[in-house]
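# Structural characterization, general
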Amino acid sequence: MRWCPSSVLHLLRCARLQLYTRRGRNRLPLWIREKWAYVRLLVQSLYFNSLTDSDVVFDSIFEPVFWTVDYVTRWFGLVFVFLVVILVSSCVVIAYVVLLPLVLNTYSPAWIVWHLCYGNWIIIMIGFHYYKATKTSPGFPPTEKNDSPFVAVCKKCIMPKPARTHHCGICNRCILKMDHHCPWLNNCVGHSNHRYFFSFCLFMTLGCVYCSISGRNLFLDAYNALETNYQTSAPVYTFKEKMINKSIIYMWVLTSTVGVALGALTIWHAVLISRGETSIERHINSKEKKRMAKRGKVYRNPFNYGRLNNWKVFFGVEKRSHWVTRVLLPSGHAPHGDGLTWDVFPVKKDLIPV
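Looking at an unreviewed UniProt entry, one finds the protein named Palmitoyltransferase and attributed to Amphiprion percula. Turning to the protein, the UniProt annotation filed under Catalytic activity (unreviewed entry) states: "L-cysteinyl-[protein] + hexadecanoyl-CoA = S-hexadecanoyl-L-cysteinyl-[protein] + CoA".

Okay, here's the thing in structure tokens:
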């Protein structure tokens, strides 16, 4: 008996139809298939183009965490500012009410003049620069159409970003020459108030070191007096004397601790300023150096004008007298440049002749 071609084709069609029928019976419900398709779409969206990397995936996964931190920092900024004002004010009150009478009664006239001049100068510089750092706008790129050059488009603001501009999630705006968002200022540190922030850190560190060194002997005497009073019944100190000793101990411990912590931060920012970098650019330049090193090339920071020039641009020093009037004395002068365009010098030269 022979098999005809038509019979073979008919048999294959029946087997194929029976196989599709069995598959149809075993298919998952529609709502499960829709959920699975949605999950696949979400996963595929993480690598939808060649520009997506591990940083984008990390930001997408931890976006709720970043949002929570930004929200908490935004609302607790006023608390941090209030805390700074209270701590600094308490030290100033102790210096005038407790320490000043001791200085006037025990020190020589020359040392009294030195402490009065240096102490009041430090207090004025700290108060002035902290007020200006908190109240001065860090600088924002223009929101209207203009001819200013830009290097990218912000993914959050959907606005052009000039060079050295970055988006702050807490302020929810792009900041010119952004360094970081400081919760102790409740403000961003950017192009217009970066000098005030660094000067505040510098003079606060100098003030804390001054209190720690000059008050060391007073601290030891106050600590030994309280320790002796607790261990033995004599001598007996009055309530006023106990409060004076405790105030001296509180001030010395606070200023010493803040001096160490803030001093390290000030040194770090001084290094960045000497290199012509901000805190954000430090990480960006490090990545660029590694990327260029793999290609056998050397990366140079285009905004590094040399150490001395970097400091002159940062402080706005245009003549020699400005080192005194604009650095050592309170000054509200505007920063160098507009923050939108930056000069790029491949060869180090004197940017602001002094």
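Next up on the list: the environment of Leu218. With respect to the helices and strands, the residue Leu218 is situated in helix H7 (residues 216-231). Remark: the alpha-carbon pair of Leu218 and Asn245, spanning 27 residues in sequence, is separated by 8.6 Å. Discounting residues that sit within four places of it in the chain, Leu218 has contacts with Leu99, Leu102 and Ile248.

Within the secondary structure layout, Tyr71 lies in helix H4 (residues 63-106). For Tyr71 and Gly169, which are 98 residues apart along the polypeptide, the C-alpha to C-alpha distance reads 9.0 Å.

Taken across its 9 residues, helix H10 (residues 307-315) has 7 buried, putting it largely inside the fold. Among all positions of H10, only Asn309, Asn310, Trp311, Lys312, Val313, Phe314 and Phe315 are buried. Looking at the packing, one finds that the buried side of H10 touches helix H6 (194-214), helix H8 (239-275) and helix H11 (322-328). Gly316 sits one or two positions beyond H10 and adopts a positive phi of about 75 degrees.

Right, let's talk about the UniProt feature "transmembrane region" (unreviewed entry) in the protein for a bit. Within this structure's numbering, the places UniProt gives as "transmembrane region" (unreviewed entry) are residues 75-99, 111-131, 196-213 and 249-271. Between the end C-alpha atoms of residues 111-131 there is a gap of 30 Å, over a span that is 100% helix and 0% strand. With 100% helix and 0% strand, residues 196-213 has its two end C-alpha atoms placed 26 Å apart.

Among the nonpolar cores identified, the biggest contains 20 residues, and Ile126, Tyr130, Leu185, Phe197, Phe200 and Met204 are the most heavily contacted of them. Elements supplying a minimum of two residues to this core: H4, helix H5 (109-135) and H6. In terms of residue count, H6 provides more of this core than any other element does, 8 residues in total. Met204 has contacts with Val88, Ile126 and Leu262, leaving out every residue within four places of it along the chain. With 11 residues, the next largest nonpolar core counts Cys91, Val98, Ala222 and Ile249 among its residues.

Each value, and the rule that gives it
- Residues numbered from 1 in each chain as written.
- Predicted model: local features only at pLDDT ≥ 70, side-chain atom pairs only at ≥ 80, totals over all residues.
- Heavy atoms only, no water.
- UniProt positions renumbered as here; feature names shortened; annotations may be inferred.
- Helix = DSSP H or I, 4+ residues; strand = E, 2+ residues; numbered from the N terminus.
- Contact = heavy atoms within 4.5 Å.
- Buried < 20%, exposed > 50% of the residue type's maximum accessible area, 1.4 Å probe, protein only.
- Core = buried A, V, L, I, M, F, W, Y, C linked by side-chain atoms within 4.5 Å.

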